[in-house]
Amino acid sequence: MNILAIDTSNQVMSTAVLNGDQLIAEYTTNVKKNHSVALMPAIDNILRDAGITPGEIHKIVVARGPGSYTGVRIGVTTAKTLAWTLNIPITGVSSLEAAAYNGFYFPGLICSFFDARRGRVFAAVYKRDGKQLIPVLEEKNIQFTDWLQELKSQKEQVLFIGNNFSLHRENIQELLGDQAVIAEAFMHIPRASVLGHIGKDRDAEDLHSFTPHYLRLAEAEAKWLQTRGNGHE
Amino acid sequence: MKQKTDQYILAIETSCDETAVAIVKNGRDLLSNVVASQIESHKRFGGVVPEIASRHHIEQITIVLEEALQKAGVTMEEIDAIAVTEGPGLVGALLIGVNAAKAIAYAHQKPLVGVHHIAGHIYANRLEKEFSFPLLSLVVSGGHTELIVMKEHGDFQVIGETRDDAAGEAYDKVAKALDLPYPGGPYIDRLAAEGEATIDFPRAWLEEGSYDFSFSGLKTAVMNTLHNARQKGKTLKKEDIAASFQESVIDVLVTKTYRAAREYEVKQLIVAGGVAANKGLRAGLKEQFAGEAIDVLIPPLSLCTDNAAMIAAAGSVAFEQGHRAGLDLNANPSLSLERYAKRSKR
Ligand SMILES: [Zn+2]
């Protein structure tokens, strides 16, 4: 079974082809470049290297957010349209879950997070249970310092995997001290091969209603709800 | 049945707040034209919110694609090329269409053609009647007020454009000042029909011979009139304000269009864009061009507003002229029509 995996939810762009649990080809960049320009040529490249045609893809796994709104939409639009037009199943995987798998063998808690500006993050916490990670704290859009307080009360070692550490390293060390372990730089890069591995045996989504998980309302929508008196993020 | 010589184009348009897919045969024969409008959602905000538009596009895109293929009774194998609006428009909204188009083109190894949104508005008319060159096109919409001369297919010479607000933008702003719902254009048009042009609002003719437009002065004049009346405790009839405003807009549009049509000795006048639905403008142009040997084309309502049939019609010609986009095609929110024209003429 050939699986095409796509992640464009943050600055890193990664796409991979797997045959079952074997990685065939993967292409990953970590540059400030437009995913809309680079994604399709990258997919074309890895499929060529893998020696398979688009019609020979059996399933698509895509990172469905959270992350950059536009970034997530580029990946999800591409994945969703490919799945529709090739008539194959699509599975969405949380971008945070995929990132957390980089710390798979860590014995404590694994916290993955993406910067969401103004001190906020998209974050979740996982723990290994046999051959998979299971969520300990569900993904959230939250003030990072509040999130760290929550982690502190867990009284377990926490491995941090994420982006923009220059903004958050100090807070982590200050609030958690020795309880925190910050992963090495190479482990922060989400890889589509990992995404494909996570999603390969999961159920397919309903294609037409499949959309990104933004974890946050559009600003105008939030304000509109607030003026109607029932607003909350 | 598809003949070998027939050409089928599948087109996608997502530049603003409509998710649209159409299939057109031989550049002129409309097989399906599906439009999912988001207007109800944006009404809450009094205008299109880009982030919300992008979110709706991704919810709708495959549904609209499927419906367009089903209605046309065409399979993907029969499609010769995928056309898509690459600009101008809202970047996040354009990106959904562009990436969906690339996915389809890649999956089926079909040629991909990028289309300029305004070229699309002009070509909407070709679904009704064949072009005869040279022709003049007046494009009026929420984002555009332009006069464009075409000497042949794929050739666009912009001879006049707005220096500030687009005509449709002025309509929306004046409508807001009159407490009319969004989008205000159709409401003003309706009110204007019931009122009388009792107020002499300014007309911006600009320098002698210029085909450019300016509507911000007019908009300000309307605001000032409303403000002054309010201060003096006078109430003005909304109908009369609407009629006076509309008369000023249409006077300038019709006069400049007529002068350009004569100077460039055009055979056809093509009206395009959302404001082409305005009854006052339609009537004004018909009256001015009555008795002239110039054929005035105004598309039916469904082809005036944003749709993908127009993108297919323009894409059909671009495809025939050999224009191809690569898998690295990007959304281009400020794509210029003349740069686009040069590219498709190659
Ligand atoms: Zn338009």
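Not measured: the values here are computed from a predicted model. (Residues numbered from 1 in each chain as written. Chains lettered and ligands numbered in written order. Predicted model: local features only at pLDDT ≥ 70, side-chain atom pairs only at ≥ 80, totals over all residues. Heavy atoms only, no water.)

Asks: Hey, could you run me through the pattern of salt bridges in this one?
Replies: A pair can form between side chains of opposite charge whenever their charged atoms are brought close. By the definition in use, this model includes 24 salt bridges over all chains. When the shortest N-O distance is used, the salt bridge between Asp 44 of chain A and Arg 48 of chain A registers 3.2 Å. Within this pair, Asp 44 of chain A and its partner Arg 48 of chain A are both found in helix α1 (residues 35-50), separated by 4 residues, close to a single helical turn. Of the residues examined, Arg 48 of chain A reaches a relative accessible area of 61% and is grouped as exposed. Close ionic contact of Asp 212 of chain B with Arg 163 of chain B constitutes a salt bridge, the shortest N to O distance being 2.9 Å. One end of the pair, Asp 212 of chain B, is in the loop between α6 (185-194) and α7 (216-231); the other, Arg 163 of chain B, is in the loop between β8 (157-161) and α5 (167-177), with 49 residues separating them in the sequence. For Asp 212 of chain B, a relative accessible area of 17% translates into the label buried. Taken together, the salt bridges that share partners define one network made up of Asp 165, Glu 169, Lys 173 and Lys 219 of chain B. (Salt bridge = Lys/Arg side-chain N within 4 Å of Asp/Glu carboxyl O. Helix = DSSP H or I, 4+ residues; strand = E, 2+ residues; numbered from the N terminus. Buried < 20%, exposed > 50% of the residue type's maximum accessible area, 1.4 Å probe, protein only.)

Asks: Looking at this structure, how should I read the packing of aromatic side chains?
Replies: The relation between two aromatic rings is expressed through the spacing of the ring centres and the mutual angle of the planes. In the structure shown here, the tally under the stated rule is 15 aromatic pairs over all chains. A ring pair is formed by Phe 104 of chain A and Tyr 105 of chain A, whose centres lie 5.0 Å apart and whose planes are at 90 degrees; its orientation type is edge-to-face. Here Phe 104 of chain A falls in the buried class, since its relative accessible area comes to 14%. Here a set of aromatic residues connected by ring pairs shows up, and it is made of Tyr 123, Phe 131, Phe 133, Phe 156 and Tyr 340 of chain B. A cation over an aromatic ring shows up here: Arg 55 of chain B above the ring of Tyr 214 of chain A, its NZ or CZ 3.7 Å from the ring centre. The ring of Tyr 187 of chain B is capped by Arg 190 of chain B, whose NZ or CZ atom sits 5.1 Å from the centre of that ring. (Phe/Tyr/Trp six-rings, centres within 6.5 Å; stacked < 30°, edge-to-face > 60°. Lys NZ or Arg CZ within 6 Å of the ring centre and 35° of its normal.)

Asks: Looking at this structure, how should I read the UniProt feature "domain: Gcp-like" (unreviewed entry) in chain B?
Replies: Per the UniProt entry, the sites bearing "domain: Gcp-like" (unreviewed entry) are residues 30-312 of chain B in this numbering. Secondary structure content for residues 30-312 of chain B is 47% helix and 16% strand, while the C-alpha to C-alpha distance between its ends is 9 Å. (UniProt positions renumbered as here; feature names shortened; annotations may be inferred.)

Asks: Looking at this model, I keep getting lost on the packing of helix α8 (residues 238-263) of chain B against helix α9 (residues 279-289) of chain B. Mind explaining?
Replies: Residue and element names in this part refer to chain B. One can describe the packing of α8 onto α9 by two numbers: an axis separation of 10 Å at closest approach and a directional angle of 40 degrees. Of the possible angle classes, the one that applies to α8 and α9 is oblique. In the packing of α8 onto α9, the handedness of the crossing is right-handed. Between α8, through Gln 246, Ile 250, Leu 253, Val 254, Thr 257, Tyr 258 and Ala 261, and α9, the contact on the second element is made entirely by Gly 280, Leu 281, Gly 284, Leu 285, Gln 288 and Phe 289. (Axes fitted to C-alpha atoms, helices over the stretch in contact; angles between N-to-C directions. Parallel < 35°, antiparallel > 145°, perpendicular 65-115°, else oblique. Left-handed = near helix turned anticlockwise from the far one by under 90°. Contact = heavy atoms within 4.5 Å.)

Asks: How do you make sense of the side chain of Lys 110 of chain B when you look at a structure like this?
Replies: Residues and elements named next belong to chain B. When you line up the elements, Lys 110 lands in the loop between α3 (91-107) and β5 (112-116). The side chain of Lys 110 is buried and forms no salt bridge, while Asp 80, the nearest opposite charge, is found at 6.5 Å. A distance of 3.3 Å separates the side chain of Lys 110 from the backbone oxygen of Met 76, its partner in a polar contact. Polar side-chain contacts of Lys 110 include one of 2.9 Å to the backbone oxygen of Ile 79. Not counting the four nearest positions on each side in its chain, Lys 110 is found in contact with Met 76, Glu 77, Ile 79, Ile 82 and Ala 105. (Lys, Arg positive; Asp, Glu negative; His and termini not counted. Polar contact = N/O pair within 3.5 Å; in protein donor to acceptor, adjacent residues only side chain to side chain.)

Asks: For this particular structure, what's the right way to read the UniProt feature "binding site: substrate" (unreviewed entry) in chain B?
Replies: Residue and element names in this part refer to chain B. Following the UniProt record, one finds the feature "binding site: substrate" (unreviewed entry) at Val 139, Val 140, Ser 141, Gly 142, Gly 143, Asp 172, Gly 185, Asp 189 and Asn 278. Within the secondary structure, Gly 142 sits in the loop between β6 (135-140) and β7 (145-150). Taking relative accessible area as the criterion, Gly 142 reaches 45% and is therefore assigned partly exposed. Contact partners of Gly 142, with chain neighbours within four places excluded, come to Ala 166, Gly 168 and Glu 169. The buried category is assigned to Asp 189, whose relative accessible area is 11%. In contact with Asp 189, not counting residues within four places along its chain, are Gln 246, Ala 277, Asn 278, Lys 279 and Gly 280.

Asks: Explain the sheet that holds strand β1 (residues 2-7) of chain A to me, please; I cannot follow it from the model alone.
Replies: Adjacent strands of a sheet form backbone hydrogen bonds with each other and so pair up, either parallel or antiparallel. All names here are of chain A. With respect to topology, 5 strands assemble into an open sheet ordered β3-β2-β1-β4-β5, the strand pairing being mixed. Each edge of the open sheet is held by one strand with a lone partner, namely β3 (22-30) and β5 (90-93). For this sheet the average axis-to-axis angle between neighbouring strands, irrespective of direction, equals 15 degrees. Contacting β1, β4 (59-63) and β5, helix α2 (residues 69-86) crosses the sheet at an angle of about 165 degrees to β4. In this fold helix α6 (residues 192-199) packs onto β1, β2 (12-19), β3, β4 and β5, with an angle of close to 50 degrees to the strand it touches most, β2. (Pairing = 2+ DSSP bridges.)

Asks: Where do I start with the interface of chain B and chain A in this structure?
Replies: How big an interface is tends to be expressed through the accessible area that disappears when the partners come together. On the side of chain A, 33 residues touch chain B, which itself brings 30 residues to the contact. Carbon and sulfur atoms supply 65% of the area that chain B and chain A bury against each other, a total of about 2900 Å² over both sides. When the buried area of chain B at its contact with chain A is split by residue, Arg 55, Ile 58 and Tyr 106 of chain B rank highest and sum to 24% of it. Summed over the shared surface of chain B and chain A, the number is 2 salt bridges. In this structure, Arg 44 of chain B engages Glu 221 of chain A in a salt bridge whose closest nitrogen and oxygen atoms are separated by 2.7 Å. Counting every contact that joins chain B to chain A gives 11 residue pairs in polar contact (both at pLDDT 80 or more). Ranked by the residues each element gives to the side of chain B that touches chain A, the list is headed by helix α2 (residues 50-72) of chain B, at 11 residues. The residue inventory of the side of chain B that touches chain A, partitioned by class, reads 17 nonpolar, 6 polar and 7 charged. (Buried area = accessible area lost by both parts, 1.4 Å probe. Nonpolar A, V, L, I, M, F, W, Y, C, P; charged D, E, K, R; others polar.)

Asks: Where do I start with the coordination of the zinc ion in this structure?
Replies: In an ideal tetrahedron of four donors about a metal, each angle is 109.5 degrees. In an ideal octahedron of six donors, the angles are 90 or 180 degrees. Residue and element names in this part refer to chain B. Protein coordination at the zinc ion: the donors are His 117 (NE2), His 121 (NE2) and Asp 306 (OD), at 2.1 to 2.2 Å from the metal. Donor residues binding the zinc ion come from one chain and are separated in sequence as H-x3-H-x184-D. With a gap of 185 residues between them, His 121 in helix α4 (residues 117-123) and Asp 306 in the loop between α10 (301-304) and α11 (309-320) connect regions that are remote in the sequence. Each member of the pair, His 121 as well as Asp 306, carries the same accessibility label: buried. (Donors = N, O, S within 2.8 Å, 3.2 Å for Na, K, Ca; no water.)

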